[in-house]
Amino acid sequence: MFSSLLIANRGEIACRIIRTARSLGIRTVAVHSDADARAAHVRAADMAVHIGPSPARESYLVGQRIIEAALQSGAEAIHPGYGFLSEIADFARAVIAAGLIWVGPRPESIEAMGLKDAAKALMQQAGVPVTPGYMGADQDPARLRAEADAIGYPVLIKAVAGGGGKGMRKVDAAADFAEALQSCQREAAASFGNDQVLIEKYILSPRHIEVQVFGDAHGNVVHLYERDCSLQRRHQKVIEEAPAPGMDAATRQAVCAAAVQAARAVSYQGAGTIEFIADASEGLHPDRVWFMEMNTRLQVEHPVTEAVTGVDLVEWQLRVAAGEPLPLAQDEIVLAGHAIEARLYAEDPARGFLPATGSLDQLWLSARVRIDSGVEQGDAISPFYDPMIAKLIAHGASREEARLQLMEALDDSFVAPLTTNKGFLYECLADADFAAGRVDTGLIARQGDALIPAEAPGQAAADAAAARLRRDWLGWHASGQARAFRQGLFGFRLNRAPEERIALWSGGHMVLGDSAAASPLRSDMVGADSVAVTERGQGRIFTFHAPRPRPGSSAGDGAILAPMPGKVIAVDVAEGDRVSKGQRLLVLEAMKMEHAMAAPFDGTVTRLEAATGAQVQVEALLIVVEADKE
Ligand code: ADP
């Protein structure tokens, strides 16, 4: 085994890798950008090397700089984590050429699986069932359209170089094909520098089932069973579990065997994941599972597999990279219990899951479950990287035990002042279909707003917070019960003789849960002038301020503001145009995703401040729509 390792990554995965390396007595070297100078992974490593400015393409994506850092610091090996350079074959080659050990699969395997179309073709040859569709080189829009027509709608257009749920468009009818294709190609070119697409039959009631595989340099390939990652929002995983609910022996045998076959087809070494899509409209069946793609790296959700197999996958990666054989044979790998992981993000479910940035003044994460996190209290979520705060991983004897444990853990954790998806995760876990194991990738979209923590504050939650203040708040005492003035606005009388005032909790996006929800409330004082309550996983902070006139209505007017900084990539209307409610006005590209802004009501465009190509700041005025007179 080598004695020192550089981790070419940041955040939770860098911290996770450092933990295992340390337990094996390996010296760890972190790399960091400007923004991460004092980040948790830097603090955790034995030493750290600065590699450049904050934007990832000037630091974490600069392979040459990272290799220099390894040579400078005397590291013998490089672990890429996931994302960033982990699936760049040329980086792997450069690492090896520099005389360093690459903790990952051979560059040829990465390349073979790098593009979705080539990977599917390869798998087809190897006898692995693949999703029906078109994956040809001819990218003429008319040809693509004809192929889609032949496959039959709905179809999915996928960027061949896509990943992370980006560069995909579902098309329900032929009439929508051209626009979806253009939008997909645009996003693919911007995100992956490659606008080639493939077309797949859209599988109905799809379940995302993936198999963890591992190979070594001695020709051994094993699987570590499946994970189910069907709970997704816009093709991005939200909750993952192992094993898959409702998995029967025959289907498990079929997917795991296909996965091993796929890994063998590329002489795979190291940790990899074979992703399948299953048509679960009538439960799982061995002949209704198709290969989707292979991820040639450690997966975000690897901890659920670790929980149910007892294997430390990072340890295996390091051993395999050092030339050791796999520590266990297939029949020595056994499943025990059930594990569920939730991804806690700094984002706002009530505002279309907009990413949130800022400092984590308060961060308590439950000690009841495994926490993989790359931040600590006092750290910040910067706009430069993925806004994940932590992964919470529960492991129980049964699925139900793990599910309840994870809900408790969410209730037990608290993050402020950043808005998070914690309450949303709780609602996902509490969902009746999820609880019963009836999962598919459309569940979250189908439930829609039902999974978004309720807008209207509940009396029970308000009273719990009031009770805290009743005791004493800077000499003020609450008298009487909390009272609802209108949606989102609660208040009660506060006395500090001889003064009397009305305290208001103005909701904003920090609203309380539904009063019908009888789950226990937990509250804690945060700072001097606010109270925090957690109800159904949703943390809220309510700050006191004297009544003041309400600012001019903003929710009801037709000023369309940029929800985040970005670039205007399409403007569909002109000043004076009549528009109807829901009609697309323009498209903003931000965080590599496209956000369509729609008319809030029927009316006329009276101002147009946005031009195609313009960079806009958050809250910049883009368009004003004046409502039709009643
Ligand atoms: P990425 O590389 O961006 O993660 P994938 O090809 O893995 O993209 O697909 C991501 C998700 O999109 C899948 O987990 C699944 O939910 C959905 N998906 C992919 N292909 C299909 C399909 N043919 N039919 C229905 N859903 C699909």
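Report on the accompanying structure.

**Examining the site of the ligand**
Okay, so step 1: Taken together, the neighbourhood of the ligand is formed by 23 residues, with Lys116, Gly165, His208, Gln232 and Glu293 sitting nearest.
Okay, so step 2: Within the side chain of lysine 116, an N or O atom sits 2.5 Å from an oxygen atom of the ligand.
Okay, so step 3: Burial of the ligand by the protein chains amounts to 96% of its free accessible area of 550 Å².
Okay, so step 4: Along the lines of polarity and charge, the residues of the shell around the ligand split into seven nonpolar, nine polar and seven charged.
Okay, so step 5: Each of domain 2 (108-114 + 123-131 + 206-336) and domain 3 (133-201) accounts for three or more of the residues forming the shell around the ligand.

**Brief notes about the sheet that holds strand E13 (residues 270-279)**
Okay, so step 1: The antiparallel open sheet is built from eight strands, whose spatial order is E14-E13-E10-E11-E12-E15-E22-E20. The open sheet is flanked by strand E14 (289-295) and strand E20 (370-373), the only strands paired with a single partner. Strand-to-strand twist of the sheet, defined as the mean angle between neighbouring strand axes without regard to direction, takes the value 25°.
Okay, so step 2: Across six bridges, E13 lies against E14 in antiparallel orientation. Among the inter-strand pairings, isoleucine 274 is bridged to a residue of E14, identified as methionine 294.
Okay, so step 3: Strand contacts of helix H11 (residues 313-321): strand E10 (206-215), strand E11 (221-233) and E13, with the helix running at about 40° to E10, the strand carrying the most contacts.

**Remarks on the pattern of salt bridges**
Note that side chains of opposite charge can pair when their charged atoms are close.
Okay, so step 1: All told, the structure shown has 47 salt bridges when counted by the stated rule.
Okay, so step 2: The salt bridge partner of arginine 343 is glutamate 240, with a shortest N-O separation of 2.7 Å. Highlighted residues: arginine 343 in strand E15 (residues 338-345) and glutamate 240 in strand E12 (residues 236-242), separated in sequence by 103 residues.
Okay, so step 3: On the basis of relative accessible area, arginine 343 is assigned to the buried category, the value being 10%.

**Quick look at the packing of aromatic side chains**
Okay, so step 1: Under the criterion given, the structure shown has seven aromatic pairs.
Okay, so step 2: Judged by centre distance (5.2 Å) and plane angle (20°), the rings of tyrosine 60 and phenylalanine 84 are stacked. Of this pair, tyrosine 60 sits in the loop between strand E3 (47-52) and helix H3 (63-73) while phenylalanine 84 sits in the loop between strand E4 (77-79) and helix H4 (89-97), and the two are 24 residues apart along the sequence.
Okay, so step 3: Seen in terms of ring centroids, phenylalanine 353 and phenylalanine 424 are 4.8 Å apart; in terms of plane orientation they differ by 75°. Their pairing is edge-to-face. One end of the pair, phenylalanine 353, is in the loop between strand E16 (347-348) and strand E17 (354-355); the other, phenylalanine 424, is in helix H13 (residues 422-430), and 71 residues separate them in sequence. For the pair phenylalanine 353 and phenylalanine 424, a shared accessibility class is recorded, and that class is buried.
Okay, so step 4: An aromatic cluster is built from Tyr60, Phe84, Phe384 and Tyr385, whose rings are joined through pairwise contacts.
Okay, so step 5: Above the plane of the ring of phenylalanine 434 lies arginine 399, whose end atom (NZ or CZ) is 4.4 Å from the centre.

**Topic: the nonpolar core**
One recurring pattern in soluble globular proteins: nonpolar side chains tend to sit buried together.
Okay, so step 1: Of all hydrophobic cores here, the largest spans 36 residues; its most connected members are Leu231, Ile239, Leu360, Ile389, Leu429 and Ile444.
Okay, so step 2: When residues of this core are traced back to their parent elements, those giving at least two are E12, E15, strand E22 (388-396), helix H12 (399-412), H13 and helix H15 (443-447).
Okay, so step 3: Split by domain, the residues of this core number at least three in each of domain 2 (108-114 + 123-131 + 206-336) and domain 4 (337-453).
Okay, so step 4: One finds Leu5, Ile7, Ala14 and Ala21 within the second-largest nonpolar core, a separate group that totals 31 residues.

**Observations regarding H12**
Okay, so step 1: With 14 residues, H12 extends 20 Å from end C-alpha to end C-alpha; this agrees with the ideal 20 Å at 1.5 Å per step.
Okay, so step 2: Among all positions of H12, only Arg399, Ala402, Arg403, Leu406, Met407, Ala409, Leu410 and Asp411 are buried.

**What to know about unusual backbone geometry**
Okay, so step 1: Cis geometry is adopted by the peptide bond preceding proline 154, which originates at tyrosine 153 and carries an omega value of 0°.
Okay, so step 2: Mapping proline 154 onto the fold places it in the loop between helix H7 (141-151) and strand E7 (155-159).
Okay, so step 3: In the segment running from alanine 416 into proline 417, the intervening peptide bond is cis, with an omega of 0°.
Okay, so step 4: Position of proline 417 relative to the elements: it lies in the loop between strand E23 (414-416) and H13.
Okay, so step 5: Residue tyrosine 225 is not a glycine yet carries a positive backbone phi of 70°.
Okay, so step 6: Relative to the assigned elements, tyrosine 225 resides in strand E11.
Okay, so step 7: The exposure class assigned to tyrosine 225 is buried, which follows from its relative accessible area of 15%.

**Things to note about the pairing of E7**
Okay, so step 1: Counting buried positions over the five residues of E7 gives five, a clear majority of the element.
Okay, so step 2: Residue alternation in E7 divides its side chains into two sets, Val155, Ile157 and Ala159 and Leu156 and Lys158, and both sets are buried.
Okay, so step 3: Here five bridges tie E7 to strand E9 (residues 197-201), and the two strands are oriented antiparallel to one another. What sits directly across from lysine 158, in E9, is leucine 198.

**Side note on the sheet that holds E9**
Okay, so step 1: Pairing in this open sheet of four strands is antiparallel, and the strands run E6-E9-E7-E8 from one edge to the other. Edge strands, defined here as strands with exactly one partner in the open sheet, are strand E6 (133-134) and strand E8 (168-171).
Okay, so step 2: The strands that H7 touches are E6, E7 and E9; relative to E9, the one it contacts most, it runs at about 10°.
Okay, so step 3: The strands touched by helix H8 (residues 177-192) within the sheet are E7, E8 and E9, with E7 carrying the most contacts at an inclination of about 25°.

**Quick word on the side chain of threonine 28**
Okay, so step 1: Mapped onto the elements, threonine 28 comes out in strand E2 (residues 27-33).
Okay, so step 2: For threonine 28, a relative accessible area of 0% corresponds to the buried category.
Okay, so step 3: In contact with threonine 28, other than residues within four places in its own chain, are Leu5, Ile7, Ile18, Ala21, Arg22, Ala45, Asp46 and Met47.

**A few points about H4**
Helical geometry: 3.6 residues make up each α-helical turn, so side chains three or four residues apart lie on a common side.
Okay, so step 1: Regarding H4, the residues found buried are Ala89, Phe91, Ala92 and Val95. For H4, the angular spread of buried residues about the axis comes to 160°, placing them on one side. For H4, exposure combined with an orientation more than 90 degrees from the buried face picks out Asp90 and Ala97.
Okay, so step 2: Packing partners of the buried residues in H4 comprise H3, E4, strand E5 (101-102) and helix H5 (107-114).
Okay, so step 3: Within two residues after H4, glycine 99 carries a phi angle of roughly 85°, on the positive side.

Thresholds applied
Residues numbered from 1 in each chain as written. Predicted model: local features only at pLDDT ≥ 70, side-chain atom pairs only at ≥ 80, totals over all residues. Heavy atoms only, no water. Near = heavy atom within 4 Å. Polar contact = N/O pair within 3.5 Å; in protein donor to acceptor, adjacent residues only side chain to side chain. Areas by Shrake-Rupley, 256 points an atom, 1.4 Å probe, with all protein chains shown as cover. Nonpolar A, V, L, I, M, F, W, Y, C, P; charged D, E, K, R; others polar. Domains from an automatic or database assignment. Pairing = 2+ DSSP bridges. Helix = DSSP H or I, 4+ residues; strand = E, 2+ residues; numbered from the N terminus. Axes fitted to C-alpha atoms, helices over the stretch in contact; angles between N-to-C directions. Contact = heavy atoms within 4.5 Å. Salt bridge = Lys/Arg side-chain N within 4 Å of Asp/Glu carboxyl O. Buried < 20%, exposed > 50% of the residue type's maximum accessible area, 1.4 Å probe, protein only. Phe/Tyr/Trp six-rings, centres within 6.5 Å; stacked < 30°, edge-to-face > 60°. Lys NZ or Arg CZ within 6 Å of the ring centre and 35° of its normal. Core = buried A, V, L, I, M, F, W, Y, C linked by side-chain atoms within 4.5 Å. Expected span 1.5 Å × (residues − 1). Arc of directions from axis to C-beta.

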